[in-house]
Amino acid sequence: MTTTSLTLETVKQHFDDWRSQRGKMGSFPDELWQEAVHLLEHYNPTDIMRELRITTTQLEERRKRHAAE
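Bear in mind that the values here come from a model prediction, so they are computed numbers and not experimental data. (Residues numbered from 1 in each chain as written. Predicted model: local features only at pLDDT ≥ 70, side-chain atom pairs only at ≥ 80, totals over all residues. Heavy atoms only, no water.)

Asker: An account of the nonpolar core is needed here, citing residue identities and associated values.
Answerer: Counting 15 residues, the largest nonpolar core has Phe15, Phe28, Leu52 and Ile54 as the members making the most contacts within it. Mapped onto this core, the elements with two or more residues apiece are α1 (8–21), α2 (30–39) and α3 (45–52). (Core = buried A, V, L, I, M, F, W, Y, C linked by side-chain atoms within 4.5 Å. Buried < 20%, exposed > 50% of the residue type's maximum accessible area, 1.4 Å probe, protein only. Helix = DSSP H or I, 4+ residues; strand = E, 2+ residues; numbered from the N terminus.)

Asker: Talk me through the packing of α1 against α2; I want residue IDs and the actual numbers.
Answerer: Where α1 contacts α2, the two axes come as close as 10 Å, and the packing angle between them is 155°. One finds that α1 runs roughly antiparallel with respect to α2. Relative to α2, α1 is oriented so that their crossing is left-handed. From α1, Leu8, Val11, His14, Phe15 and Trp18 reach across to α2, where they touch Leu32, Glu35, Ala36 and Leu39. Residues of the contact of α1 with α2, tallied by class, amount to seven nonpolar, one polar and one charged. (Axes fitted to C-alpha atoms, helices over the stretch in contact; angles between N-to-C directions. Parallel < 35°, antiparallel > 145°, perpendicular 65-115°, else oblique. Left-handed = near helix turned anticlockwise from the far one by under 90°. Contact = heavy atoms within 4.5 Å. Nonpolar A, V, L, I, M, F, W, Y, C, P; charged D, E, K, R; others polar.)

Asker: Pulling in residues and values, what's your account of the pattern of salt bridges?
Answerer: This model, assessed by the stated rule, comprises six salt bridges. In this structure, Arg50 engages Asp47 in a salt bridge whose closest nitrogen and oxygen atoms are separated by 2.7 Å. Of this pair, Arg50 and Asp47 both sit in helix α3, three residues apart, which is roughly one turn of that helix. (Salt bridge = Lys/Arg side-chain N within 4 Å of Asp/Glu carboxyl O.)

What follows is the structure, given as structure tokens:
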């Protein structure tokens, strides 16, 4: 994954693709969360959450995990 060239639109497509291929249940893969966290460097968190259809809690928890790594 090359995070330097990620856009909100690209990551949204990755999330949408994953949603369309999974069953009813399941957590997003770590790679998708890494992409979402990377977007925080370039986009407003509210825009990210709205476009990716994730919650504040989800994004904040993953941001903290990413910072701890």
